[in-house]
Amino acid sequence: MSQLTLSIIKPDAVQRGLIGDILKMISDAGLKIKAMKMIQLTKEQAEGFYAVHKERPFFNDLVAYMISGPVVVSVLEAEGAIEKYRKLMGATNPEQAEEGTIRKRFALNIEANSVHGSDAPETAAVETSYFFNQLEQVG
Ligand code: GDP
């Protein structure tokens, strides 16, 4: 069944000019871009997005990093899009990411790991609507 997931190209990747390379990997993996925009997150928006991690020791660092520069958010669609994109991203820690994954190729460290992808249907629904309304999902 066709599924949607939210992708974020994070500040470390945008800053290093990797938007095009990452979008090519996304597209080559058969994930279709339904909606996309480049935005600068505010502190409140980043805290809201990562609210599930509020109690984690790295929360403040994560928020500071996510607002350190613009990000590219997009809605991706495919059969099993959530799992497909998680596989393409690779492990959270790039040292553990498999060859051929986005994080293996581009991530700098466990925090500045270049991309975000929703991890379950429930989070995908919340995350896509956090950034896009129905009318913006044009693809
Ligand atoms: P993901 O689903 O693979 O993105 O990983 P998580 O949901 O566990 O963590 C969310 C984000 O928090 C990660 O993508 C990293 O940017 C950051 N992060 C995760 N673990 C750590 C950590 O141990 N230290 C720091 N500084 N950041 C982390």
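Remember, it's a predicted structure, so these values are computed and weren't measured experimentally. (Residues numbered from 1 in each chain as written. Predicted model: local features only at pLDDT ≥ 70, side-chain atom pairs only at ≥ 80, totals over all residues. Heavy atoms only, no water.)

Caption draft 1: Main features of the overall build of the protein chain. The secondary structure content of the protein chain amounts to 7 helices and 4 strands. For the protein chain, the sequential pattern of α-helices and β-strands runs β-α-α-β-α-α-β-α-α-β-α. Here the C-alpha atoms of the protein chain give a radius of gyration of 14 Å, agreeing with the 14 Å that 2.2 N^0.38 yields for 139 residues. For the protein chain, with 139 residues in total, the buried portion stands at 45%. Considering only contacts in the protein chain between residues 6 or more positions apart, those separated by 24 or more positions represent 77%. Just so you have it, the protein chain exposes about 7,400 Å², and 53% of that area is on carbon and sulfur atoms. Side-chain charges in the protein chain split into 15 positive and 18 negative, and the spacing between the mean points of these groups amounts to 3 Å. (Helix = DSSP H or I, 4+ residues; strand = E, 2+ residues; numbered from the N terminus. Rg over C-alpha atoms; globule rule 2.2 N^0.38 Å. Buried < 20%, exposed > 50% of the residue type's maximum accessible area, 1.4 Å probe, protein only. Contact = heavy atoms within 4.5 Å. Areas by Shrake-Rupley, 256 points an atom, 1.4 Å probe, with all protein chains shown as cover. Lys, Arg positive; Asp, Glu negative; His and termini not counted. Charge placed at Lys NZ, Arg CZ, Asp CG, Glu CD.)

Caption draft 2: Expanded view of the site of the ligand. In the vicinity of the ligand, the contacting residues are Lys10, Tyr50, His53, Arg56, Phe58, Leu62, Arg86, Thr92, Arg103, Ile110, Glu111 and Asn113. Within the side chain of His53, an N or O atom sits 3.1 Å from an oxygen atom of the ligand. Between an oxygen atom of the ligand and a side-chain N or O atom of Asn113, the distance comes to 2.9 Å. Protein chains bury 80% of the 540 Å² of accessible surface belonging to the ligand in isolation. Judged by the proximity of its atoms to the pocket grid, the ligand belongs to the largest pocket. The residue makeup of the shell around the ligand, split by class, is 4 nonpolar, 3 polar and 5 charged. (Near = heavy atom within 4 Å. Polar contact = N/O pair within 3.5 Å; in protein donor to acceptor, adjacent residues only side chain to side chain. 1 Å grid on protein atoms, 1.4 Å probe; cavity = no way out; pocket = protein on both sides within 12 Å on 5 of 7 lines; lining within 4 Å. Sits in = over half its atoms within 2 Å of the grid points. Nonpolar A, V, L, I, M, F, W, Y, C, P; charged D, E, K, R; others polar.)

Caption draft 3: Main features of the pairing of strand β3 (residues 71-79). Most of β3 sits out of view: 7 of its 9 residues are buried. Where strand β2 (residues 32-39) meets β3, 7 bridges bridge the pair, whose relative direction is antiparallel. Among the inter-strand pairings, Lys37 is bridged to a residue of β3, identified as Val73. (Pairing = 2+ DSSP bridges.)

Caption draft 4: Up close: helix α7 (residues 121-131). Restricting attention to buried positions, one finds in α7 the residues Ala124, Glu127, Thr128 and Phe131. The arc enclosing the buried residues of α7, seen along the axis, measures out at 100°, which places them on a common side. Set apart from the buried face of α7 by more than 90 degrees, the exposed residues are Glu122, Val126 and Ser129. On its buried face, α7 sits against β1 (2-9), β2, α3 (43-49), β3, α5 (81-89) and β4 (115-117). (Arc of directions from axis to C-beta.)

Caption draft 5: Main features of the nonpolar core. With 19 residues, the main nonpolar core has Ile9, Ile22, Ile26, Leu31, Tyr85, Leu88 and Ile102 as its most contacted residues. For this core, the secondary structure elements donating two or more residues are α1 (11-15), α2 (19-28), β3, α5 and α6 (102-106). Look past the residues within four positions of Leu31 in its chain and what remains in contact with it is Ile26, Leu76, Glu77, Ala78, Ala81, Lys84, Tyr85 and Leu88. In this structure, Leu6, Ala35, Leu62 and Phe132 belong to the second largest nonpolar core, which totals 18 residues. (Core = buried A, V, L, I, M, F, W, Y, C linked by side-chain atoms within 4.5 Å.)

Caption draft 6: Representation of the layout of surface pockets within the structure. What the largest pocket holds in volume is close to 660 Å³. For the largest pocket, the lining is made up of 24 residues, of which Tyr50, Val52, His53, Leu62 and His116 are closest to its centre. Secondary-structure elements contributing two or more residues to the lining of the largest pocket are α3, α5, β4 and α7. Of the residues forming the lining of the largest pocket, the biggest block, 4 residues, is contributed by α7. Across the lining of the largest pocket, the residue classes break down as 10 nonpolar, 7 polar and 7 charged. (Points joined across faces, edges and corners; volume = space filled by probe spheres on them.)

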